[in-house]
Amino acid sequence: MTRFPPRTAPPIRAGGLVAATALLLAAAPHTVASAAPTAAAPVVALGGPAQTALHPYAEGGDGPKRSTARITVTGADDTAYEGGFTVTFDLTGAAGIADVAFEPEAGIECAATAPGSATCTGHGISPGRSTVTDLLLTAAKGSEPGVTGTIRVTGEAEGTAFTPFTTEVTVGGPDLVMHRLPFDHEPVPGQKQQAPITFTNRGSRAADGVVLTLRHSRGLDIPQRYSNCAYTTDEAWTTARCTVEGAFEAGATYTLAAPLTLKTTDRAYRDIFGYGIHEAGAGAGTVRGATAARATRGTTGEVLRAVPAPKPMAARALDLEPGDNEHEADFRTENTADFVAYGDTASGRAGATVTARLGFRNDGPAWIGHLRSGESVAAVDFTVPQGATVTSAPEGCRGVSAEGTALPSGWTGPAPRYVCPTPATVRDDGGLDLSFGLRIDKVLLGAVGRVVVRGPEPRAAGLPFDPEPGNNTARVVLNGESGGPSPAPSDGPGDGASGTPGSATPTPTTGGAGAGAGAGGTVAPGAAQNTATGNDGSLAATGSSTAMAASGLAVTALTAGLVLFTAARRRRRA
């Protein structure tokens, strides 16, 4: 369902509808088929917020303040429903507690159908989640703070089953408002900033315990660890969920007994710190599933506590809105990350298949993450050596022309060049390690392929954070002058953020080239085919191989006009 600016329907009272409207609609025949679905009927799920807090009823001013509960329908992931459907709202459980108006999605009609009931009708349910209507809820006149009611939502359509949904509405409640912290957003590595987390309860009742959530990316750190906090860490983020007991009174402001310390580490570059506050309760701050198994508690024994703030903060109007419970701060740190390309060497006779290991490592000190956009940090651009065909390529690598342009639509044949994007994050001491299967179709002594780590787009090929662009290029050499297969690159530090284990630069053989700076000259493209992920390993022949009898000779000119280049191997910094 495509969203367009919605219409707002007149309010509908949960306790009773206008009699004339009810009589008029009762006399009209039901227009949506109600045939029972078959056993194999597709199932769509109705959904929305489990609970919604309502502002207490207030006379005068702009009238009662509204809360919103969005009602959705989730269709099958791979099938769209094309027929008509009806969603019915039973409002009798909220009689005298809530008044309800409907703001439907474009193409959906909502109206009263009987006392204490309303329906929304539409046509077509797309795969995935779509909005049916927003319930605009206000506390009914005469309702008392603390009372709770229910709204039951059901649906029907020919040949389709609906999973019903029930939402609770409660008059009044806490409204926890997180105060924004005044950070220095351009820190330097090693800088420490105090984070005196402060929040106010602007609601109509006390919060029975709160959960403070702290989330920071890899370039930041909070050195304190508390026994009432559960910590989880993945490749890019560390999250702490801290359960703080107590009654946090309406109208009061609280701050941490001791401020947190937010440290900018040596690996910082573009980082984010998020901090939020929610009332403890059903699911608040709970760590579930695989994340729960990895969660650890602070071991210092110190307990994170919130105490009344020494100075009251300026009050603002009650809003009962969850959108002000948390904030995020973005940090830009002046730092660098050295991306170092590496290649490989191998020998084999015509018809043999070898495995080329190539890619790059991040020698740091910074980690690089595109946390907001989710775009790739960089790409590895591999030009296939002349006389070889790619038999297997890593998943996600795409074949391009020798000039780097897209291949014709429907292309399934070999490609002379492959571009492999990185994930949105590359950790310090991480990188991207790739394995290509290469079949040697024709033995050309010293055939050279080029490996370049560059920006994710050809038009922006530079890496603005990399201070040493000279080591962004390496070579893959087939049948170099030494003749024998080269040893495998030694395993280096692992890096889950890069998608595969990290590895150090391989050791070149005489006349070959591993990772290093400045592979130059014109490289003749080879035919290639982008297929399944290749086997890991060195460039050792997996078919029969024959050592080339060129040992001890200085090769200065090669067949087909190919020039043999040697490249100084760039070794990893200590």
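For the structure itself, look to the data block above.
**Q** I keep staring at the sheet that holds strand β14 (residues 192-195) and nothing clicks. Help me out?
**A** In a beta sheet, neighbouring strands pair by backbone hydrogen bonds and run either parallel or antiparallel. Pairing is antiparallel in the open sheet, where three strands are placed in the order β14-β21-β17. In this open sheet, the two edge strands, each paired with only one partner strand, are β14 and β17 (220-221). The pairing of β17 with strand β21 (residues 260-264) spans two bridges and is antiparallel. Residue pairing for β21: D221 is matched across the bridge by K263.

**Q** Where do I start with the environment of A257 in this structure?
**A** Structurally, A257 is set in the loop between β20 (253-256) and β21. Sequence separation between A257 and V303 is 46 residues; the distance between their C-alpha atoms is 9.8 Å. When near neighbours in sequence (up to four residues on either side) are disregarded, A257 contacts R305 and V307.

**Q** Looking at this model, I keep getting lost on the packing of aromatic side chains. Mind explaining?
**A** Between two aromatic rings, the relevant description is the distance of the centres plus the angle of the planes. Considering all chains together, one arrives at 13 aromatic pairs under this definition. A ring pair is formed by F183 and Y275, whose centres lie 6.4 Å apart and whose planes are at 85 degrees; its orientation type is edge-to-face. Here Y275 lies in strand β22 (residues 270-279) and F183 lies in the loop between β13 (176-178) and β14, a separation of 92 residues in the sequence. Residue classification places Y275 among the buried positions, given a relative accessible area of 2%. Between the aromatic rings of F199 and F248, the centroid separation amounts to 5.7 Å while the plane-to-plane angle is 55 degrees, which identifies the pairing as tilted. One end of the pair, F199, is in strand β15 (residues 198-201); the other, F248, is in strand β19 (residues 237-248), and 49 residues separate them in sequence. The exposure class assigned to F199 is buried, which follows from its relative accessible area of 3%. Using a relative accessible area of 2% as the deciding quantity, one classes F248 as buried.

**Q** What is the right way to look at the pairing of strand β25 (residues 326-332) in this model?
**A** Both faces of the sheet carry side chains from a regular strand, because those side chains alternate between them. Only one face of β25 is covered, namely the one carrying H327, A329 and F331; the face carrying E326, E328, D330 and R332 has none of its residues buried. When β22 meets β25, the two strands line up antiparallel, connected through seven bridges. The residue bridging R270 from the neighbouring strand is R332, located in β25.

**Q** What exactly am I supposed to notice about the state of the cysteines here?
**A** Covalently bonding the sulfur atom of one cysteine to the sulfur atom of another cysteine gives a disulfide. Counted under the stated rule, the structure contains three disulfides. The side chain of C110 participates in a disulfide bridge whose partner is C120; the two sulfur atoms lie 2.0 Å from each other. Between C110 and C120 the sulfur-sulfur dihedral comes to about 110 degrees; the bridge is accordingly right-handed. Of the two residues, C110 sits in strand β7 (residues 109-114) while C120 sits in strand β8 (residues 117-125), which places them ten residues apart along the sequence. With relative accessibility at 0%, the residue C120 sits in the buried group. The disulfide partner of C229 is C242, and the gap between their sulfur atoms is 2.0 Å. Taking the torsion about the sulfur-sulfur bond, which here is approximately 110 degrees, the covalent link between C229 and C242 counts as right-handed. Remark: C242 occurs in strand β19 and C229 occurs in strand β18 (residues 229-233); sequence separation between them is 13 residues. Judged by its relative accessible area of 0%, C229 is buried.

Criteria and thresholds
Note that residues are indexed from 1 along each chain, following the sequence as it is written. In view of the model being predicted, local features appear only for residues whose pLDDT reaches at least 70, and side-chain atom pairs are presented and counted only at 80 or more, with totals across whole chains, interfaces and linings using the full set of residues. The basis for the side-chain values is all heavy atoms of the structure; hydrogens and waters are excluded. Note on pairing: two strands pair once DSSP finds at least 2 bridges between them. Under the DSSP-based scheme used, a helix requires at least four consecutive residues in state H or I and a strand at least two consecutive residues in state E, with every element numbered from the N terminus. The criterion used for residue contact is that any of the two residues' heavy atoms lie within 4.5 Å. Two rings from Phe, Tyr or Trp (for Trp, the six-membered ring) form a pair when their centres are within 6.5 Å of each other. A pair whose planes differ by under 30 degrees is stacked, one over 60 is edge-to-face, and the rest are tilted. Only protein chains enter the area calculation, which uses a 1.4 Å probe; residues under 20% of their type maximum are buried, those over 50% are exposed, and those in between are partly exposed. Here, a disulfide means two cysteine sulfur atoms that sit within 2.5 Å of each other.

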